[in-house]
Amino acid sequence: MNGPAITVTALASLSLLFFTKIHSRGRALRKRGVRVSAICVNKAKGPSGTVNLMVRHTSPDGMELHFDLGPFRYPPADIGDTVTVIYDPRDPRNAETPDQMTKGRLSLSFMAASAAVAVFSLALALLSS
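Residues numbered from 1 in each chain as written. Predicted model: local features only at pLDDT ≥ 70, side-chain atom pairs only at ≥ 80, totals over all residues. Heavy atoms only, no water.

**Q** What am I meant to see in the nonpolar core here?
**A** Within soluble globular proteins, side chains that are nonpolar generally end up buried alongside one another. In this structure, Leu-53, Val-55, Phe-67, Leu-69, Val-83 and Val-85 are the most contacted members of the largest nonpolar core, which totals 15 residues. Those elements that provide at least two residues to this core are strand E1 (34-45), strand E2 (51-58), strand E3 (64-72) and strand E4 (82-88). In terms of residue count, the dominant contributor to this core is E3 (4 residues). Not counting the four nearest positions on each side in its chain, Leu-53 is found in contact with Cys-40, Asn-42, Lys-43, Phe-67, Asp-68, Leu-69, Phe-72, Pro-75, Pro-76 and Ala-77. (Core = buried A, V, L, I, M, F, W, Y, C linked by side-chain atoms within 4.5 Å. Buried < 20%, exposed > 50% of the residue type's maximum accessible area, 1.4 Å probe, protein only. Helix = DSSP H or I, 4+ residues; strand = E, 2+ residues; numbered from the N terminus. Contact = heavy atoms within 4.5 Å.)

**Q** I keep staring at the pattern of salt bridges and nothing clicks. Help me out?
**A** Oppositely charged side chains can pair when the atoms bearing their charge come close. Within the structure shown, the criterion is met by 4 salt bridges. Across the pair Asp-88 and Arg-32 runs a salt bridge, and its minimum N-O distance is 2.8 Å. With Asp-88 in strand E4 and Arg-32 in helix H1 (residues 3-32), this residue pair connects regions lying 56 residues apart in the sequence. In this structure Asp-88 comes out as buried when scored by relative accessible area, which is 2%. Judged by its relative accessible area of 31%, Arg-32 is partly exposed. (Salt bridge = Lys/Arg side-chain N within 4 Å of Asp/Glu carboxyl O.)

This is the structure we're talking about:
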């Protein structure tokens, strides 16, 4: 088998897994996401100057949920402010603000490109052996 073709196949396959994960997280939010208001309880500055927010929401049944949001170049809230959050009830760690939500077209495009490169390079590797 051809070494570079196998390397490209492996990298394209890893890329496909990465973009599939991104797409499935966004799809879960678009399909079953719950929109709630949450209070910003903490801000943390990242190494590149971005800001992450920790927000808290108490559901009507008294369950308290904490969400880590970001990174933001310009955070949508300060400590004590209310923030709208969309979260996946099956995986509350999967949460974003409505401004962060996407339609998933870009990740789907990258998934298709990664799959095409993986299949093409695998075919080249198999044909050259």
